[in-house]
Structure formats: C-alpha cells, structure tokens
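The lines below spell out each chain.
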Amino acid sequence: MDSALVSRPDGCGHRMIAIARLWLASCTPALDPIWVEQQLSLFSASERARLARINRSQRRAQFVAGHVLARQLLHFALGHAVTVEVAGDGRPLLIAAEPWTLSLSHSGLWVTALLAEGTAGVDIELDRPLRDAAALRAWLAERNGDPTHAPAADHATLREWTLAEARLKAGVFAPAFSARWDLVGEDTSSRATLWLAIAGVAKQPICYIADLAARSYYDCSLAWNRVAD
C-alpha cells in the first residue's frame, strides 16, 4: 500500500486525514470500440447497466474512461483490485474498501478520479463561453448566501461552479481547494484551460496524469489554492 495513504495518529491521539490522490486522463482511448470492449469485462453489473442507459457517444466515453481510470488509481494506491459499483444517482461506490471513497468528474474529453479517506468530492470544467451565465451566477450568489456578490467573468463563474459541485459531493462546509491547468495539445496552437476543485480533504492532493491505454502515469504539479469554508 502507498504509505501516503495510511492514516496516522497525531501527537494528541487524533487520526490525521491521509493525503488524497487525484488522477486525470484523456477519454480518447474510450472512443475506440475495441478498447472499450476489452475494458467492460472488468466492470461490475451495475456499471454495465448504467453504461447501457447512456446514449450519447461522448458521455459513454467519459463513463468508461472514468471507471477505467478509477480502477488504475485504486490498484496503484491500494495495491489490489477493488470492486466498483454505481449507486442509483450515478455515484461510484467502493465495495469493502473502507475508509476510502471515490469521486469522479468529467468535462469534454477529460476525466478525473479522486481517492480520499472519508467523504470527498471532485469536479472539473473546461473553460468555455457560458450559454446562460447570468442564471448560473445568480444561483452561485444565492448558494453562497450573498445575492449581491457574483463572479463577473465566465472563467471566474466556472471556477466557482467547480467548487460548488465538489462541495455538494463532499458536504457544503467541507474544506476545498481550487486549481487551474492549462492544456497544450500536440499542436501548440491548440490550448485549453481546465478548472479543478476538490472538497473534503485537509491537504492538497498528489496529482498524476494517466495514459489509460498504456496504463502509465506521471507526476503533475498543480498550484492549488485553499478556499475558505
């Protein structure tokens, strides 16, 4: 087992929250039907049932990529396979893996998986023009308890949205971190920004970028900002 995932008591005898793991991956391999078919043999019945109800091709690729990413992360971090089920609301559930919990998110051709001790949440959003920015800003302002304050720019709105989504998964008052990742494709003129947020962990996560097809991964350093409760 990865030593960074082991809980230890502090000097007062309390349990310290273990360091969370966050993995990111491209969904591109999941656009290949042959690759997908090879992965489905490892899926649980509830995962296959959930996938069967998804019609849009990109959403199917996101689902498959997310759950393959989850398995690779779990095996890396815990040292053994873990059964993953899907709850009625779509949340991933780990079987016999207490106290670890899993949270997944997707945006465009990117997916992420967060493994943490206790309830935690992750959300990602590709930076893009918002179709109904005013309504989203109003909802965020109301949720934050300050109707007079709302993010003005689309990128600020997306950052706030990721934080809200991550906190909904982990608990409204959960500690949270936010980060920005600037993506550059093989064509350097093709650039994009991915906003990330995690909630429910005491420290910023250790982050890796995974290649799902090659089953490889490499360290990724992100500048995380602690967000006040």
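Presented here is a report on the structure given in the accompanying data block. Please read all numbers here as calculations on a predicted model, not as lab measurements.

Right, let's talk about the side chain of R71 for a bit. Relative to the elements of secondary structure, R71 occurs in helix α3 (residues 57–78). Residue class for R71 comes out buried when judged on its relative accessible area of 17%. Aside from chain neighbours lying at most four places away, what touches R71 is L42, F43, S44, E47 and V84.

For the largest pocket, the calculated volume is near 750 Å³. Along the wall of the largest pocket there are 30 residues; nearest its centre are G90, R91, P92, L104 and K169. A total of 8 residues in the lining of the largest pocket trace back to one element, the largest contributor, which is strand β4 (residues 100–107).

Burial of β4 is extensive: 6 of the 8 residues sit out of reach of the surface. Hairpin connection of β4 to strand β5 (residues 110–117): 2 residues between the antiparallel strands, including G108 at a positive phi of 60°.

It is worth spelling out helix α2 (residues 45–52) at this point. Taken as a whole, α2 has its buried residues at S46, E47 and L51. Each buried residue of α2 sits inside an arc of 135° when the element is viewed along its axis, so together they form one side. Relative to its buried face, α2 has exposed residues pointing more than 90 degrees away, namely A45 and A52. Packing partners of the buried residues in α2 comprise α1 (33–40), α3 and β2 (84–86).

Quick look at the nonpolar core now. Counting residues in hydrophobic clusters, the biggest one holds 35 residues, and the most contacted among them are V64, L69, L94 and L115. Going through the elements one at a time, β1 (21–26), α1, α3, β2, β4, β5 and β9 (206–211) are the ones with two or more residues in this core. Looking at this core, the element that brings in the most residues is α3, giving 11 residues. In this view, L69 contacts W23, L24, A25, V111, T112, A113, A210 and L212; residues no more than four positions away in its chain are not counted. A20, L24, A120 and F177 belong to the second-largest nonpolar core, a separate cluster that totals 23 residues.

About the thresholds
Residues numbered from 1 in each chain as written. Predicted model: local features only at pLDDT ≥ 70, side-chain atom pairs only at ≥ 80, totals over all residues. Heavy atoms only, no water. Helix = DSSP H or I, 4+ residues; strand = E, 2+ residues; numbered from the N terminus. Buried < 20%, exposed > 50% of the residue type's maximum accessible area, 1.4 Å probe, protein only. Contact = heavy atoms within 4.5 Å. 1 Å grid on protein atoms, 1.4 Å probe; cavity = no way out; pocket = protein on both sides within 12 Å on 5 of 7 lines; lining within 4 Å. Points joined across faces, edges and corners; volume = space filled by probe spheres on them. Pairing = 2+ DSSP bridges. Arc of directions from axis to C-beta. Core = buried A, V, L, I, M, F, W, Y, C linked by side-chain atoms within 4.5 Å.

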